Amino acid sequence: MQNLGSLAMRGRMARLWAPLLRAPERRPLGSRAKAVDSAAVPTALTADPGTLSSSAGPGDRQLRSPEELSGPGALRSFFHLFVQGYVFHMHELQVSLKEKYGPIWKTVIGPYTNVNLASPSLIEQLMRQEGKHPLRSDMALWKEHRDIRGYSYGPFTTQGEKWYQLRQALNPRMLKPSDAALYTDSINQVVEDLLVRLEDIKIKSPSGDQVLDVAHLFYLFSLEAIVYILFEQRIGCLKSSILPETEVVVKSVALMFKNSVYATFLPKWTRPFLPFWDRYLEGWDNIFSFGKKMIEKKLKEMDDELKAGNSDKVQVSGYLHFLLSSGQLSPDEAMGSLAEFLLAGVDTSANTLTWAFYHLAQDPELQEALYQEVIAVVPPGQIPQSKDFAHMPLLKAVVKEALRLYPVVPINSRINTDKEVVVGDFLFPKNTQFVLCHFVISRDADIFPSPKKFLPRRWLRKNQNEAVGVKHAFGSIPFGYGVRGCLGRRIAELEINLVISRVIQQYKLSLAPGMKEVYPLSRIVLVPDKLVNLCFQKRHP
Ligand code: HEM
């Protein structure tokens, strides 16, 4: 059961961020191996050998063939993941592989070969060669659901020029800080509900000050906030008793992720005989029907306004309203995209909040400094606005440090579909699958002195030259990079800043008695390996 659970988590990880995924149009290892008579030659690395135009690097430096890369073979990788149990701890496996092979190595997993990059300069070199349409992975399992049901693809599942066009439609009202700022009041309403719920849970706890499993509370907050931002509807996730239809949405995300595991690792012929496939589809179906209901409601509202002759008075408020009224996406296309937003925008923010509070709770001096910073800008009783965060450098540093130590996406990936690329001393053919080992870099003492310590001040400009600075701009890129970078970054940052500043303004935090050290576990996003239980003491009774 433990192994199945691990597989499930690995499947979630693979589907979203994808180191284990196949590159488009890659051939299975066997077919390629026959042709070149060498099972050791990795598929990705030989995908388009004919396209390697030259092996001379800049300044006539001789470039090496990727076949010269070392790394564990398929059997060893299987042993690491499924016998040694690294399937939940792939980020740690990468730390030891880097020690053994250096900052670039290859891994063979099943029929796929990945090139792992674990230094900021190599990642920077790869990223700077990105074309107009970067690709993470092919997202086959997600696409299969859309194809079966006839739904549109969203930003994760679309690729090439179609993806580019979709991002042109989705970026406005989302990508820039000034876009996100439009949702400040909406998010603050949800923060208000979070604080009420937190107080209620705390008062009802036996000691009167504890909240068990804060990650779940932040999960409910993040879901409520993203639904409100996208659809302009409240669904009551933070109420003490949750409506049955809201409960379905809360559970469907987990249902889809859990069963995507089995769908990833079990052969297709098992689908009619085992329940996982129907459950996987059911999870997605529930998310899509929720989106559909929300979109139909919004369309009706817009129609009613038009009929009432109020079209010039209608304020475009939420994101869905904007997408529909911009005319760039049909309701079906909007549904395909917003369903994927729901998946991307919940665990990510919730876990970052959890890690940040877990560390703040252990550091009274840091908490006090943050409290002083917050109340100097937003005195008790006042509600922070997005513009206030420009005057809260320590708060921003706390969030950056949480995302450094626990990059939500510990392992990201890229496939160079446009052209061959030079990385380090190697020339890679088109369609090579690169794995970006962000967790490894985050914990590298050469990039971040005292890497395991939570030291937000390393991010403050005046501390840059001190022993705890930051040595490379690509050392921590928690929201990814470039045109395919996170679409919800500014929303996520705003949500996180609004929650942390409000909680710190009102409470002193500490770890609940008996809390042991929490380690990260790799499940799509980096999650705590145990429940995080905190005590909240009111500052101004
Ligand atoms: C702390 C919170 C978050 C973190 C750390 C995070 C991180 C990331 C990362 C690393 C990527 C991949 C970028 C790349 O490959 O270069 C990504 C993609 C994405 N994120 Fe986020 N994310 C967060 C919150 C959100 C939120 C709140 C939303 C929605 C409002 C969102 C929507 C998306 C979407 C749609 C993509 C896919 C973009 C594309 O492929 O074009 N994320 N995110």
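Reading guide: rules and limits
- Residues numbered from 1 in each chain as written.
- Predicted model: local features only at pLDDT ≥ 70, side-chain atom pairs only at ≥ 80, totals over all residues.
- Heavy atoms only, no water.
- UniProt positions renumbered as here; feature names shortened; annotations may be inferred.
- Helix = DSSP H or I, 4+ residues; strand = E, 2+ residues; numbered from the N terminus.
- Buried < 20%, exposed > 50% of the residue type's maximum accessible area, 1.4 Å probe, protein only.
- Contact = heavy atoms within 4.5 Å.
- Areas by Shrake-Rupley, 256 points an atom, 1.4 Å probe, with all protein chains shown as cover.
- pLDDT = per-residue confidence, 0-100.
- Expected span 1.5 Å × (residues − 1).
- Donors = N, O, S within 2.8 Å, 3.2 Å for Na, K, Ca; no water.
- Arc of directions from axis to C-beta.
- Pairing = 2+ DSSP bridges.
- Axes fitted to C-alpha atoms, helices over the stretch in contact; angles between N-to-C directions.
- Salt bridge = Lys/Arg side-chain N within 4 Å of Asp/Glu carboxyl O.
- Phe/Tyr/Trp six-rings, centres within 6.5 Å; stacked < 30°, edge-to-face > 60°.
- Lys NZ or Arg CZ within 6 Å of the ring centre and 35° of its normal.

- The protein chain goes by Cytochrome P450 family 27 subfamily A member 1 in an unreviewed UniProt entry, where it is assigned to Sarcophilus harrisii.
- In its Cofactor (unreviewed entry) section, UniProt records this for the protein chain: "heme".

## A few points about the overall build of the protein chain
Piece 1. The secondary structure content of the protein chain amounts to 19 helices and eleven strands.
Piece 2. For the protein chain, the residues scored as buried account for 56% of the 541 residues in total.
Piece 3. The long-range share in the protein chain, meaning contacts at least 24 apart out of those at least 6 apart in sequence, stands at 74%.
Piece 4. Counting only carbon and sulfur atoms, one obtains 55% of the accessible surface of the protein chain, whose full area is about 22900 Å².

## Describing the confidence of the model for the protein chain
Piece 1. Residues at a pLDDT of 70 or more form 85% of the protein chain, whose mean pLDDT is 85.
Piece 2. ipTM for the predicted complex: 1.00, alongside a pTM of 0.88.

## Examining helix H15 (residues 347-360)
Piece 1. Across its 14 residues, H15 extends 20 Å between first and last C-alpha, which sits within 8% of the 20 Å expected from 1.5 Å per residue.
Piece 2. Counting buried residues in H15 gives 14 out of 14 residues, a clear majority hidden from the surface.

## What about the coordination of the iron atom of the ligand?
Octahedral six-donor coordination of a metal ideally yields angles of 90 or 180 degrees, compared with 109.5 degrees for tetrahedral four-donor coordination.
Piece 1. For the iron atom of the ligand, the sole protein-derived donor is Cys486 (SG), lying 2.3 Å away.
Piece 2. Along the chain, Cys486 turns up in the loop between helix H18 (438-442) and helix H19 (489-506).

## Digging into the UniProt feature "binding site: heme" (unreviewed entry) in the protein chain
Piece 1. The feature "binding site: heme" (unreviewed entry), as given by UniProt, occupies Cys486 in the numbering adopted here.
Piece 2. If sequence neighbours within four positions are ignored, Cys486 has contacts with Leu175 and Phe479.

## As for unusual backbone geometry
Piece 1. Even without being glycine, Asp213 reaches a positive phi, approximately 55°.
Piece 2. Residue position: Asp213 is located in the loop between strand S3 (210-211) and helix H10 (214-231).
Piece 3. The class of Asp213 is partly exposed, set by a relative accessible area of 23%.
Piece 4. Although it is not a glycine, Ser450 adopts a positive phi angle of roughly 50°.
Piece 5. Residue position: Ser450 is located in the loop between H18 and H19.
Piece 6. A residue is classified by how much of its surface remains accessible, and Ser450, at 33% relative accessible area, is partly exposed.

## As for helix H7 (residues 160-170)
Piece 1. Among the residues of H7, those classed as buried are Trp163, Leu166, Arg167, Ala169 and Leu170. All buried residues of H7 lie within an arc of 155° about the axis, which places them on one face of the element.
Piece 2. Looking at the buried positions of H7, the neighbouring elements they touch are helix H13 (319-326) and helix H14 (331-344).

## Thoughts on the side chain of Lys202
Piece 1. Along the chain, Lys202 turns up in helix H9 (residues 184-204).
Piece 2. When its relative accessible area of 7% is taken as the criterion, Lys202 is described as buried.
Piece 3. The residues contacting Lys202, other than those within four sequence positions of it, are Gly208, Asp209, Gln210, Val211, Tyr507 and Phe536.

## Overview of the sheet that holds strand S4 (residues 411-415)
Strands belonging to one sheet form pairs held by backbone hydrogen bonds; the direction of such a pair is parallel or antiparallel.
Piece 1. Sheet architecture is open: four strands sit in the order S1-S2-S7-S4, paired in mixed fashion. Of all strands in the sheet, those with a lone pairing partner are strand S1 (104-109) and S4, marking the two edges. The mean angle between the axes of side-by-side strands here comes to 30°, regardless of whether they run parallel or antiparallel.
Piece 2. Sheet analysis places S1 next to strand S2 (residues 112-117), joined by six bridges and oriented antiparallel. Bridge pairing in S2 places Lys106 opposite Val115.
Piece 3. Relative to the sheet, helix H5 (residues 120-127) contacts S1, S2, S4 and strand S7 (433-437), its axis offset from that of S7 by approximately 140°.

## Overview of the pattern of salt bridges
Piece 1. A full pass over the atoms with the stated rule returns 29 salt bridges.
Piece 2. Two residues, Arg414 and Glu130, come together in a salt bridge whose shortest N-O distance is 2.4 Å. Pair noted here: Arg414 is in strand S4 and Glu130 is in the loop between H5 and helix H6 (140-149), with a separation of 284 residues, a long-range link.
Piece 3. Classification of Arg414 as buried rests on a relative accessible area of 4%.
Piece 4. Linking Arg502 and Glu192 is a salt bridge whose minimum nitrogen-to-oxygen distance equals 2.9 Å. Note that Arg502 is positioned in helix H19 and Glu192 in helix H9, a separation of 310 residues in sequence.
Piece 5. Residue classification places Arg502 among the buried residues on the basis of a relative accessible area of 4%.
Piece 6. Among the residues examined, Glu192 registers a relative accessible area of 34% and is labelled partly exposed.
Piece 7. Counted as one network, the salt bridges with shared partners bring together Glu144, Lys268 and Arg271.

## Details of the packing of aromatic side chains
Piece 1. Summed over the entire model, instances satisfying the criterion amount to 16 aromatic pairs.
Piece 2. Centroid distance Trp142 to Trp284: 4.9 Å. Interplanar angle 75°. Geometry classified as edge-to-face. Remark: Trp284 occurs in helix H12 (residues 276-307) and Trp142 occurs in helix H6; sequence separation between them is 142 residues.
Piece 3. For Trp142, a relative accessible area of 1% translates into the label buried.
Piece 4. For Trp284, a relative accessible area of 0% puts it in the buried group.
Piece 5. Arranged with centres 6.0 Å apart and planes meeting at 35°, the rings of Phe426 and Phe428 form a pair that is tilted.
Piece 6. The exposure class of Phe428 is buried, given its relative accessible area of 0%.
Piece 7. Following the ring pairs from residue to residue traces out a cluster consisting of Trp142, Tyr151, Phe156, Trp284 and Phe288.
Piece 8. The ring centre of Tyr228 lies 5.2 Å from the NZ or CZ of Arg234, which sits over that ring.

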